[in-house]
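Structural overview for review
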Amino acid sequence: MGMTPEFQESRSTSPFHEFFRTEAAGGALLVACACAALIVANSGSADSYRRLLATTISIAGEGRGLSLTVHQWINDGLMALFFLLVGLEIKREALAGELVSPRQAALPIAGAIGGMVVPAFIYFMTNGGGIESRGWAIPVATDIAFALGVLALVAPGAPSGLKIFLAALAIVDDMGAVLVIALFYTGAITWGALGMAGLILLLLIALNVLRIRRLTPYLVLGLGLWFFVHESGVHATIAGVLLAFAIPTRTRINATEFSAKARGLLDHFDRTETGDLLVLTSKGQQEAIIGLERASEQVTAPLLRLEHALHGFSAFVVMPLFACSNAGVGLSGSSGGTVTLAVILGLAIGKPLGITCAALAAVRLRLASLPDGVSWTALHGCAWLGGIGFTMSLFIATLAFDGTSLLDSAKVGILAGSIVSGVVGAMVVRRGTRSVTSL
């Protein structure tokens, strides 16, 4: 039986499909911004580009004011919003999404773990000790926007199970990257500031326990949390994840109550029609619309409202600015070396190998099963797409090598490894999805 147009429309506007479309479009913009930054950094405007990023911007005046460069405001400030979105996505998926069922979650979790362990091992084996070893976490990350963008471009008709696998894999991967940053890339701790951050976190939890659903108090306290986490020596973006876990998921009314309210309001809307089909002339219809807006707000979890508000801003503002400020590496002055090689091998060999082998082991051990309509070839292609580590890899590289000559070497490795992974992944996915479609 075919689907009605109304049903098809409702499917196409589901939260996951909206998420997929936004990430795919954001990935395309990310590519453009990364290319632009790379071109500028290797042109006659390179010095102006670097001076702009080094410009200091101060807020709050003297005393407890905060002075950061443009580059730091993007990496420490705007990226906290990106991490807030990551935290919201992780929480949603764990409570009501693809990670809620152990068997559903087993395949992407296994793939993500394999895709973190194997690249880190390859990096260590390639690099050995010394300061270079600080970059071990650079190839463990997957860029969700780039990966989903390539998948949407080369296989727009791919099975939804393949898209969900890749999205869930990248989300679990982000979770691992957040833990890595918190545990291994934190500087000297200022305990007074950390104590204040802990107190604000307790206040956020109290708001949740008291069933406060308005987002404003959470966001105001979140700003304070970000400031004190930044001052404590823990990387400021961790504040975004902590705030996400405090955002409530409870709704004021349940689905049954909303349905009853909405039907009553729609009936009222129909009864108060004036005959000219103009809502402007019917006070009753205007009241019904306002009532529907309120009912919709009451049935929508604060977590979903905030995630929806942040998604476009993160994809089309935060991440492009991050790409513009971090992808601009001068290729002529980059010597490559073991760091570059280790990152390339980690992303382009370790990621696809680790993800595929871990997923295969999970299926063979009967912990998970392949999604419907997904072949091993297509899944292996997604494992290659997992080697596109642009955003998070650049972020970790900055934490590991900021102020050293190794940072540019790491960036060259990230760009090269991500390009190789993306090109090979695109070809393998296209072949895998074609073979399934032709059956």
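For the structure given in this document, a descriptive report is provided here. Worth saying up front: this structure is predicted, and the values here are computed from it rather than measured.

**Some words on the overall build of the protein chain**
Along the backbone of the protein chain there are 17 helices and two strands. Taking 439 residues into account, the globule formula puts the C-alpha radius of gyration at 22 Å, and the protein chain, at 24 Å, falls close to it. Along the longest, intermediate and shortest principal axes, the C-alpha atoms of the protein chain span 75 × 70 × 45 Å. Carbon and sulfur atoms make up 67% of the accessible area of the protein chain, which amounts to about 20300 Å² in all. Computed over 28 positive and 27 negative side-chain charges, the separation of the two mean positions in the protein chain equals 5 Å.

**As for the packing of helix α9 (residues 215-232) against helix α10 (residues 238-246)**
α10 packs onto α9 with a crossing angle of 150° between their chain directions and a minimal axis gap of 9 Å. It follows that α9 is roughly antiparallel to α10 by the angle criterion. The element α9 and its partner α10 pack so that their crossing is right-handed. Together, Y218, G222, L225, W226 and V229 of α9 and A239, L242, L243 and A246 of α10 make up the contact between the two elements. Grouping the constituent residues of the contact of α9 with α10 by class yields eight nonpolar, one polar and no charged.

**A closer look at the pattern of salt bridges**
Applying the stated rule across the entire model yields five salt bridges. Among the salt bridges present, the one from R92 reaches E93, with a minimum N-O distance of 2.8 Å. One salt bridge connects R305 with E297, and the closest N-O pair in it is separated by 3.3 Å. Here R305 falls in the partly exposed class, since its relative accessible area comes to 21%. Residues joined in a network through salt bridges with shared partners are R92, E93 and E307.

Conventions we followed
- Residues numbered from 1 in each chain as written.
- Predicted model: local features only at pLDDT ≥ 70, side-chain atom pairs only at ≥ 80, totals over all residues.
- Heavy atoms only, no water.
- Helix = DSSP H or I, 4+ residues; strand = E, 2+ residues; numbered from the N terminus.
- Rg over C-alpha atoms; globule rule 2.2 N^0.38 Å.
- Areas by Shrake-Rupley, 256 points an atom, 1.4 Å probe, with all protein chains shown as cover.
- Lys, Arg positive; Asp, Glu negative; His and termini not counted.
- Charge placed at Lys NZ, Arg CZ, Asp CG, Glu CD.
- Axes fitted to C-alpha atoms, helices over the stretch in contact; angles between N-to-C directions.
- Parallel < 35°, antiparallel > 145°, perpendicular 65-115°, else oblique.
- Left-handed = near helix turned anticlockwise from the far one by under 90°.
- Contact = heavy atoms within 4.5 Å.
- Nonpolar A, V, L, I, M, F, W, Y, C, P; charged D, E, K, R; others polar.
- Salt bridge = Lys/Arg side-chain N within 4 Å of Asp/Glu carboxyl O.
- Buried < 20%, exposed > 50% of the residue type's maximum accessible area, 1.4 Å probe, protein only.

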